[in-house]
Amino acid sequence: FDNYNKPDIMSVPTPQWYKISPNDTILVTLIEAKAKEFSFKVKKDGNIIIPSFGKVKVAGITFEQVSKKLEYIFKKNYPNSKPIIEIGEYSAIQVAITGEAKIPGIYNLSSLTTLKEALVQCKGIKDSGSVRDIKIIRKIIYHLNNLLSY
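All values reported here derive from a predicted model rather than from experimental measurement. (Residues numbered from 1 in each chain as written. Predicted model: local features only at pLDDT ≥ 70, side-chain atom pairs only at ≥ 80, totals over all residues. Heavy atoms only, no water.)

Chemist: Even after reading the chapter, I still don't get the side chain of Ser-81, so can you show me in this structure?
Modeler: Tracing the sequence through the fold places Ser-81 in the loop between α1 (63-77) and β5 (82-89). Relative accessible area serves as the criterion here: at 8%, Ser-81 is assigned to the buried category. For Ser-81, the side chain forms a polar contact with the main-chain oxygen of Tyr-78, separated by 2.7 Å. Beyond its immediate chain neighbours, meaning those up to four positions away, Ser-81 contacts Leu-30, Ile-31, Glu-32, Phe-74 and Lys-75. (Helix = DSSP H or I, 4+ residues; strand = E, 2+ residues; numbered from the N terminus. Buried < 20%, exposed > 50% of the residue type's maximum accessible area, 1.4 Å probe, protein only. Polar contact = N/O pair within 3.5 Å; in protein donor to acceptor, adjacent residues only side chain to side chain. Contact = heavy atoms within 4.5 Å.)

Chemist: Explain the nonpolar core to me, please; I cannot follow it from the model alone.
Modeler: Soluble globular proteins: nonpolar side chains tend toward being buried together. Ile-20, Ile-26, Val-28 and Leu-70 are the most contacted members of the largest nonpolar core, which totals 22 residues. For this core, the secondary structure elements donating two or more residues are β1 (25-31), β2 (36-41), β3 (47-50), α1 and β5. If one sorts the elements of this core by residue count, α1 sits on top with five residues. Those residues in contact with Leu-70 that sit more than four places away from it in its chain are Ile-26, Val-28, Ile-48, Ile-50 and Ile-85. (Core = buried A, V, L, I, M, F, W, Y, C linked by side-chain atoms within 4.5 Å.)

Chemist: For this particular structure, what's the right way to read the packing of aromatic side chains?
Modeler: What characterises a pair of aromatic rings is the spacing of the ring centres plus the angle enclosed by the ring planes. Using the criterion set out here, one finds six aromatic pairs in the structure. Relative to Tyr-90, the ring of Tyr-18 has its centre 5.1 Å away and its plane inclined at 85°; by these criteria the two rings are edge-to-face. With Tyr-18 in the segment before β1 and Tyr-90 in the loop between β5 and β6 (92-97), this residue pair connects regions lying 72 residues apart in the sequence. With relative accessibility at 4%, the residue Tyr-18 sits in the buried group. Aromatic side chains Phe-38 and Phe-74 sit 5.3 Å apart centroid to centroid with 50° between the ring planes, which places their arrangement in the tilted category. Of this pair, Phe-38 sits in strand β2 while Phe-74 sits in helix α1, and the two are 36 residues apart along the sequence. Comparing Phe-38 with Phe-74 shows no difference in burial state: the two are buried. Counting every residue linked through ring pairs, the aromatic cluster contains Phe-38, Phe-40, Phe-74 and Tyr-78. (Phe/Tyr/Trp six-rings, centres within 6.5 Å; stacked < 30°, edge-to-face > 60°.)

Chemist: Sorry, what's going on with a nonpolar patch on the surface here?
Modeler: Taken together, the side chains of Leu-115, Val-131, Ile-134 and Ile-136 define a hydrophobic patch exposed on the protein surface, amounting to about 350 Å² of accessible area. Among the secondary structure elements, Leu-115 is positioned in helix α2 (residues 115-121). Taking the relative accessible area as the measure of exposure, Leu-115 reaches 40% and is therefore partly exposed. (Patch = residues over 30% accessible without salt bridge, like charges linked within 9 Å, V, L, I, M, F, W, Y side chains within 5 Å. Areas by Shrake-Rupley, 256 points an atom, 1.4 Å probe, with all protein chains shown as cover. Salt bridge = Lys/Arg side-chain N within 4 Å of Asp/Glu carboxyl O.)

Chemist: Teacher, can you tell me more about the pairing of strand β4 (residues 54-57) here?
Modeler: Looking along a regular strand, one sees the side chains alternate between the two faces of the sheet. Inspection of the sheet shows β3 paired to β4 by four bridges, in the antiparallel sense. Among the inter-strand pairings, Ile-50 is bridged to a residue of β4, identified as Gly-54. (Pairing = 2+ DSSP bridges.)

Chemist: In this structure, what is going on with the sheet that holds β5? I would like to understand it.
Modeler: The strands making up a sheet associate through hydrogen bonds between their backbones, and the pairing can be parallel or antiparallel. Strand order in the open sheet made by the three strands is β2-β1-β5, with antiparallel pairing throughout. Lying at the two open borders of the sheet, with one neighbouring strand each, are β2 and β5. Ignoring which end each strand starts from, the neighbouring axes of this sheet average 20° apart. Where β1 lies against β5, seven bridges are found, and the strand directions are antiparallel. Looking across to β5, one finds that Thr-25 is bridged to Glu-89. Sitting on the sheet, α1 touches β1, β2 and β5, and the angle it makes with β5 is about 135°. (Axes fitted to C-alpha atoms, helices over the stretch in contact; angles between N-to-C directions.)

Right, dumping it as structure tokens:
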């Protein structure tokens, strides 16, 4: 499971279905007589702040929806320009890899990391494990019980 070709997430186009989240960085390039570039980091509250416009809620909606929203705003404020919207940096997610992984632990991965890339990060699975029984758990709900109340 050694991968000597480190995947470059930034070299592939952002999927239209990608949901924007805090700490993503959105780049806007305006093509006109002179190109202008803007960089907006999504804040914890899910907003970006556009100078001379204000807060714009972007977290939780798809890249396609954000692109349309930003195109509208920038075309309104810069009528002779063509905005190009891209993701400059993806937010990181923490992933717990457990079980029969060779190096189990908590990994900080790009939000577009695939299962295969996560397996590469933990150096694969032990001989006693199987790639036929991998479970992905996306949301964990903790139920705390007070043992003294029983």
